[in-house]
Structures are given as structure tokens and as C-alpha cells.
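Each chain, letter by letter, is given below.
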Amino acid sequence: MFSYGTVMEQQILQMNSWLASPPAKKLDILNASLVLHYGDPEVELAWQHASKVIDSGIHLLVLGETGVGKGEFVKALHQYSSRRHKPLVAVNCAALPNDLIESELFGYAPGSFTGAHPRGYSGRIRLADKGILFLDEIGEMSMQAQCRLLSVLQDKTITPLGSARSYKVDIEVIAATHQDLDWLVAKGRFRRDLYYRLNGMAVELPVLRNRKDKAELIKSIHEKYRNHSQTISPDLFKHLIRYSWPGNLRELDNFIRVVTVMADGNDVVDVTHLPMQWKRRFSKTNDRERISTELKATLNKTIEDVYVANEGNISKVARELGVSRNTVYRRLKAQKVL
Ligand SMILES: Nc1ncnc2c1ncn2[C@@H]1O[C@H](COP(=O)(O)OP(=O)(O)OP(=O)(O)O)[C@@H](O)[C@H]1O
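Under an unreviewed UniProt entry, the chain has the name AAA family ATPase and belongs to Vibrio tetraodonis subsp. pristinus.

Here is the structure:
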């Protein structure tokens, strides 16, 4: 059983602390994209596209796995936009229970339901008036709330629950999700009309393991947490570059914060400072890499042997091994057999 006041207060506290925390690096309005990346081409492209449409009234959709930095990206966009002196109001649709999301977003009149605040509540959309409304985890929004949101976006007016009054609102909307909205639409779990309206333009942020600026990100996050000129040992650095970071930047940030505390007072953080769980994770990555290298070497050797046995007939090799001719050709070429 939810207590409306408690959940709402928690949400607002969370939102305030999220908004108060500075973006990843000090923001220079002209070079806002520099807070987000250190030369990664995919983030740069996403920034170029998003910063072009931010003041145009076109709704922006920010896609990407959890923890890739969608929230930080939106903060930087807000700072870059003409609305930077007006509020950026974030709503995490996944964190709000379905029965509260409508009152939280659209507000309510005094006494409109049991447990409501006696003075009513203006709702996050009106709090975002003249500014930017950031709808995080939009894929989690209930169908009913989606329906009301669509009408707000179309009419630019809002009617709080239980109220006969409507209010005009002027908001830019940025939505974000780690889910596949096309799939949700196909399954009937997300309204097609709302999807098209929110998806004026979509940008996608890459997962950390594919980022070209991983080394610079590691260094800059470490600089944020270290309290003297501490460095990261080359051995540990190698593990950090190789690890797949399924939790993306959030996981990397947490990891560096923990390991910096563990190595407090040392000039160099190295693998000896790692908590046990991290030693295990890094050693699993090493095992996987070793097995994958061994498998590739065995496959190459087998293809070469069968190629010789079949007197250079690639089609026969492919048939015998059950792989495509292309694979045989590519592997032989890579080994300079061809
Ligand atoms: N550009 C960046 N440089 C350094 N750290 C970053 C950057 N972007 C994000 N982070 C770190 O990653 C954490 C998660 O970022 P953020 O909340 O923006 O991700 P998200 O993609 O919105 O996650 P979710 O999908 O779970 O909401 C941040 O709190 C911050 O510590």
C-alpha cells in the first residue's frame, strides 16, 4: 500500500539531488558536448543532432542502454538551450507507481482523492513551464498516462485531476528509454501516436564497451574522486579497458569511487586494492578472452588442414566444416594462406 505523500516526497528529493549534481565535467556553454565525451564519434554525432533541434520545438528521444549517460546528456542539452534559466524537470516513469504517475505529472485539485494533499498539487508538467520536461524511462508509462500526455502535447494545455480548470503550458519535451519502443508499439504496450509525437528526432548513446574515449573517461572519473595526485596502475588500467561494463558509465563511476576509497592514501591504485567481487569479474574476463583466442586459433588451424586435404577447393572445405565459403575465404586470407 503506497502512501502518496511519502512516494512523492522521495521522488522530489531524488529529482532535486539529481538536478543539483553537476554534469560530468564543468560546463562551458559553447562547448557543452565536451562534458559528455572526449572525442567519441558516436556521442559527438548524437550531440550535434540533438543540440540542433533542442530549441526548435521538435521533441527529442534519447535512446541507449541503462547507465550510458542519457540523463547527463539531457542536463547538458538543457544548459545549452535557450531555456537554461528555466527549470529542467525530470520524471522517472519507472520509479513512479502507475496509480501515482498521473497525479504526479498532471497535478490534482484539492481533495480529489484519498490521501491527496489538502492544497492540491500543480504537477511536474506545470513545474516545467517555460523549461524542459525530461521523461525518463518513458516505456514504463501506463497507457492511461500516455493518453493524457498525448493530449497535453497536442493542445499545450493541462487539466489537473479532479479540476475543471485548464492551464496553458509551454514546455520542450525530451523522453529517454533503454527499451525498444518499436517493439513496445508492436506489442500494443506503447501508443503509436504518442511514439511518433515524441520521436521528432531520436539519438542513441553508445554502450561504454564500444566507446573510443574509454581511457579518457576512466582518467576523468578517477580525477573526480581521487584526493591527491594518485594514479591508476597500468595493470588495473588494462583490466578497466578490457572489461565489458554491462552497467556502462554508472558502473564505471561506482567502481572508481569504491576503488579510490579502498586505495586511500596510496599513490597508485592497483589490483591489490580491488574488492573480491571485482577480482572475480576481471579474472572471468581474462578467462573468456583466453578461451576465445584458443577457439579462434583451433578454427584457423582446422580450416587450413581441411583446405590442404581438399587440395585448395574452398567449396568442399565449407561443406565439410558446415561454414560459409565466405568464412573459409576470410580466415585463409587472414592467415595469408591465400
Ligand atoms: N559523460 C559522462 N562522463 C562521466 N560520467 C558520466 C557521464 N555520463 C554519465 N556518467 C555517470 O554515469 C551515471 C549514470 O548516468 P545517467 O543517469 O545519465 O545514465 P542513464 O543512461 O540516464 O541511466 P538510466 O537509463 O538508468 O536512467 C551518472 O551518475 C554519472 O556518474
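**Q** In this structure, what is going on with helix α11 (residues 248–262)? I would like to understand it.
**A** Within an α-helix, residues lying three or four positions from one another point in the same direction, as the helix has 3.6 residues per turn. Between its terminal C-alpha atoms α11 stretches 21 Å, which fits the 21 Å expected from 15 residues at 1.5 Å a residue. All of the buried residues along α11 are Asn248, Leu249, Glu251, Leu252, Asp253, Phe255, Ile256, Val259 and Thr260.

**Q** Which parts of the structure should I look at to understand the sheet that holds strand β2 (residues 88–92)?
**A** The strands making up a sheet associate through backbone hydrogen bonding, with each pair oriented either parallel or antiparallel. Pairing is parallel in the open sheet, where 5 strands are placed in the order β2-β3-β6-β1-β7. Here the strands that pair on one side only, and so sit at the sheet edges, are β2 and β7 (201–204). Each strand axis lies, on average, 20° off the axis of its neighbour in the sheet, ignoring direction. Judged from the 4 bridges that link them, strand β1 (residues 60–63) and β7 form a sheet pairing that is parallel. Bridge assignment links Val62 to a residue of β7, and that residue is Val203. Contacts from helix α2 (residues 41–53) reach β1 and β7 within the one sheet, and its direction differs from that of β7 by about 150°.

**Q** Is there a simple way to think about the pattern of salt bridges in this case?
**A** Two side chains carrying opposite charge are able to pair once their charged atoms lie near each other. Scanning the entire structure with this criterion turns up 11 salt bridges. Here Arg124 makes a salt bridge to Glu104, at a shortest N to O gap of 2.6 Å. Remark: Glu104 occurs in helix α4 (residues 98–106) and Arg124 occurs in helix α5 (residues 123–127); sequence separation between them is 20 residues. Here the two residues Arg124 and Glu104 agree in accessibility, since each one is buried. In this structure, the salt-bridge partner of Lys224 is Asp253, at a minimum N-O distance of 2.8 Å.

**Q** Sorry if this is basic, but what is going on with the nonpolar core here?
**A** The tendency in soluble globular proteins is for nonpolar side chains to be buried side by side. Of all hydrophobic cores here, the largest spans 31 residues; its most connected members are Ile125, Leu135, Ile138, Leu149 and Phe190. Counting residues per element, the ones that place at least two in this core are β2, α4, β3 (132–136), α6 (143–155), β6 (172–177), α7 (181–186) and α8 (192–198). Sequence-distant contacts of Leu149, that is, excluding residues within four places in its chain, are made with Phe106, Ile125, Leu135, Ile138, Met141 and Leu194. The next biggest cluster of nonpolar side chains, apart from the first, holds 23 residues, and it includes Leu60, Val62, Val74 and Leu77.

**Q** I would appreciate a short explanation of the site of the ligand in the present structure.
**A** Near the ligand there are 18 residues, and of these Thr66, Lys70, Gly71, Glu72 and Arg250 occur at the shortest range. Here Gly69 contributes a backbone N or O atom positioned 3.1 Å from an oxygen atom of the ligand. Within the side chain of Lys70, an N or O atom sits 2.6 Å from an oxygen atom of the ligand. When the ligand is considered free in solution it has 630 Å² of accessible area, and contact with the protein chains removes 87% of it.

**Q** Help me understand the packing of aromatic side chains in this model?
**A** Aromatic ring pairs are reported here in terms of the distance separating the ring centres and the angle at which the planes meet. Taken as a whole, this structure holds 12 aromatic pairs when the rule is applied. Each ring, one from Tyr243 and one from Trp245, has its centre 4.7 Å from the other, and the planes form 90°; the classification is edge-to-face. With respect to class, Tyr243 is no different from Trp245; both count as buried. Centre to centre, the rings of Trp245 and Phe255 are 5.7 Å apart; their planes meet at 65°, and the pair counts as edge-to-face.

**Q** Just to check I follow, could you spell out unusual backbone geometry for this structure?
**A** Among all residues save glycine, negative phi is the norm, and among peptide bonds the norm is trans. One non-glycine residue, Lys156, lies in the positive phi region at around 55°. When its relative accessible area of 39% is taken as the criterion, Lys156 is described as partly exposed. With phi around 55°, Asn248 is a residue other than glycine that occupies positive phi space. Residue position: Asn248 is located in helix α11. Judged by its relative accessible area of 0%, Asn248 falls in the buried class.

Cut-offs used in this document
- Residues numbered from 1 in each chain as written.
- Predicted model: local features only at pLDDT ≥ 70, side-chain atom pairs only at ≥ 80, totals over all residues.
- Heavy atoms only, no water.
- Helix = DSSP H or I, 4+ residues; strand = E, 2+ residues; numbered from the N terminus.
- Expected span 1.5 Å × (residues − 1).
- Buried < 20%, exposed > 50% of the residue type's maximum accessible area, 1.4 Å probe, protein only.
- Pairing = 2+ DSSP bridges.
- Axes fitted to C-alpha atoms, helices over the stretch in contact; angles between N-to-C directions.
- Contact = heavy atoms within 4.5 Å.
- Salt bridge = Lys/Arg side-chain N within 4 Å of Asp/Glu carboxyl O.
- Core = buried A, V, L, I, M, F, W, Y, C linked by side-chain atoms within 4.5 Å.
- Near = heavy atom within 4 Å.
- Polar contact = N/O pair within 3.5 Å; in protein donor to acceptor, adjacent residues only side chain to side chain.
- Areas by Shrake-Rupley, 256 points an atom, 1.4 Å probe, with all protein chains shown as cover.
- Phe/Tyr/Trp six-rings, centres within 6.5 Å; stacked < 30°, edge-to-face > 60°.

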